[in-house]
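Architecture and fold: a report
As a plain string of letters, each chain reads:
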Amino acid sequence: DTEVTQTPKHLVMGMTNKKSLKCEQHMGHRAMYWYKQKAKKPPELMFVYSYEKLSINESVPSRFSPECPNSSLLNLHLHALQPEDSALYLCASSQVVRGNLVGELFFGEGSRLTVL
Amino acid sequence: AQSVTQLGSHVSVSEGALVLLRCNYSSSVPPYLFWYVQYPNQGLQLLLKYTSAATLVKGINGFEAEFKKSETSFHLTKPSAHMSDAAEYFCAVRKTSGSRLTFGEGTQLTVNP
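What comes next concerns the included structure. The shown structure was predicted, so the numbers you read here are calculated from the model rather than taken from an experiment.

A closer look at the pairing of strand S2 (residues 10–13) of chain A
Residue and element names in this part refer to chain A. Across the two faces of S2 the burial differs, with Leu11 and Met13 buried and His10 and Val12 not buried at all. As paired elements, S2 and strand S11 (residues 111–115) share 4 bridges and run parallel to each other. Of the residues in S11, the one forming a bridge with Val12 is Thr114.

Some points on the state of the cysteines
Per the counting criterion, the structure on display carries 2 disulfides over all chains. Covalently, Cys23 of chain A is tied to Cys91 of chain A through a disulfide, its sulfur atoms 1.9 Å apart. Its S-S torsion of approximately -75° makes the covalent link between Cys23 of chain A and Cys91 of chain A left-handed. Of this pair, Cys23 of chain A sits in strand S3 (residues 18–25) while Cys91 of chain A sits in strand S9 (residues 87–97), placing them 68 residues apart in sequence. For Cys23 of chain A, a relative accessible area of 1% translates into the label buried. Note on Cys91 of chain A: relative accessible area 0%, which makes it buried. A sulfur-sulfur distance of 2.0 Å marks the disulfide that ties Cys23 of chain B to Cys91 of chain B. Every disulfide takes its handedness from the sign of the S-S torsion; for Cys23 of chain B and Cys91 of chain B that torsion is -65°, giving left-handed. Of this pair, Cys23 of chain B sits in strand S3 (residues 19–25) while Cys91 of chain B sits in strand S9 (residues 87–94); the two residues are 68 residues apart in sequence, bridging distant segments of the chain.

Some words on the side chain of Arg94 of chain B
Structurally, Arg94 of chain B can be placed in strand S9. The buried charged residue Arg94 of chain B lacks any salt bridge partner; its closest oppositely charged side chain belongs to Glu104 of chain A, at an N-O distance of 7.4 Å. Polar side-chain contacts of Arg94 of chain B include one of 2.6 Å to the backbone oxygen of Gly103 of chain A. Apart from residues no more than four positions distant in its own chain, Arg94 of chain B is found in contact with Tyr33, Leu101, Val102, Gly103 and Leu105 of chain A together with Pro31, Tyr32, Phe34, Ser99, Arg100 and Leu101 of chain B.

Overview of the nonpolar core
Core analysis: the largest hydrophobic core is formed by 27 residues, its most contacted members being Trp35, Leu48, Phe74, Leu76 and Tyr89 of chain B. Elements represented by at least two residues in this core include exactly strand S2 (10–14), S3, strand S4 (32–38), strand S5 (44–50), strand S7 (64–68), strand S8 (73–78), S9 and strand S11 (107–112) of chain B. Ignoring sequence-local partners within four residues, the contact set of Leu48 of chain B consists of Leu33, Phe34, Trp35, Val57, Lys58, Gly59, Phe63, Glu64, Ala65, Phe74 and Leu76 of chain B. Core analysis: the second largest hydrophobic core is formed by 22 residues, Phe64, Cys68, Ala87 and Tyr89 of chain A among them.

Some words on the interface of chain A and chain B
At the junction of the two partners, chain A supplies 22 residues and chain B supplies 20 residues. Here chain A packs against chain B, burying approximately 1,700 Å² in sum over the two surfaces, 49% of which is carbon and sulfur. Linking chain A with chain B are 3 salt bridges, by the criterion used here. Glu104 of chain A is the partner of Lys49 of chain B in a salt bridge, and the nearest nitrogen-oxygen pair spans 3.0 Å. The tally of links from chain A across to chain B stands at 7 residue pairs in polar contact (both at pLDDT 80 or more). Elements with a minimum of two residues in the side of chain A that touches chain B: strand S4 (31–37), S9 and strand S10 (100–107) of chain A. Ranked by the residues each element gives to the side of chain A that touches chain B, the list is headed by S10 of chain A, at 7 residues. Looking at the side of chain A that touches chain B, its residues break down into 12 nonpolar, 4 polar and 6 charged.

Reading the values: the criteria
- Residues numbered from 1 in each chain as written.
- Chains lettered and ligands numbered in written order.
- Predicted model: local features only at pLDDT ≥ 70, side-chain atom pairs only at ≥ 80, totals over all residues.
- Heavy atoms only, no water.
- Buried < 20%, exposed > 50% of the residue type's maximum accessible area, 1.4 Å probe, protein only.
- Helix = DSSP H or I, 4+ residues; strand = E, 2+ residues; numbered from the N terminus.
- Pairing = 2+ DSSP bridges.
- Disulfide = S-S within 2.5 Å.
- Lys, Arg positive; Asp, Glu negative; His and termini not counted.
- Salt bridge = Lys/Arg side-chain N within 4 Å of Asp/Glu carboxyl O.
- Polar contact = N/O pair within 3.5 Å; in protein donor to acceptor, adjacent residues only side chain to side chain.
- Contact = heavy atoms within 4.5 Å.
- Core = buried A, V, L, I, M, F, W, Y, C linked by side-chain atoms within 4.5 Å.
- Buried area = accessible area lost by both parts, 1.4 Å probe.
- Nonpolar A, V, L, I, M, F, W, Y, C, P; charged D, E, K, R; others polar.

This is how it looks when you write it as structure tokens:
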């Protein structure tokens, strides 16, 4: 059983749609992450939130908009996506010690996004 | 600069044979090292981690890895492969506390009956 929960598991959207991916963790972690993973490739870091503040943005296009409403929740808002944005989107969490990201990442099962 | 290299994008073994997946890192200081497994259409699951407490690290599902500073390696092994071990395996490194996690390119393990 994973302690990082992502919804939905599958999402199909058109290029003009607006949708959101959601992530929830109950491990008391204060860092949460969004990764994008294409087939047969390692996960690519998109965003990191530490104590609900955006700490890392890997030059992700503005059609991806992250939001961290509280320490347990992380959203990724999607708008005007392109077919090449189709991928598995992974949420993860980790501990923060004295302001530093530490330890392993705990991943959710992912949301499989298809953009038509 | 590449921080972690996984040698062999595909490894194929017979059921019951030894599994050896290679990982080399580049770091001037002892890093934090991790092995993750990913089954099809699932997230990444932590197999084991090295955090300097012991050089031989035992993980879940019978896997273990040995940190060798002289070789800058952290190879993953399992004495006897099971069909259920077929998956993608990622080595990852965090160079220092606070730095981001860097993943290797991954190794696809196939287990033949």
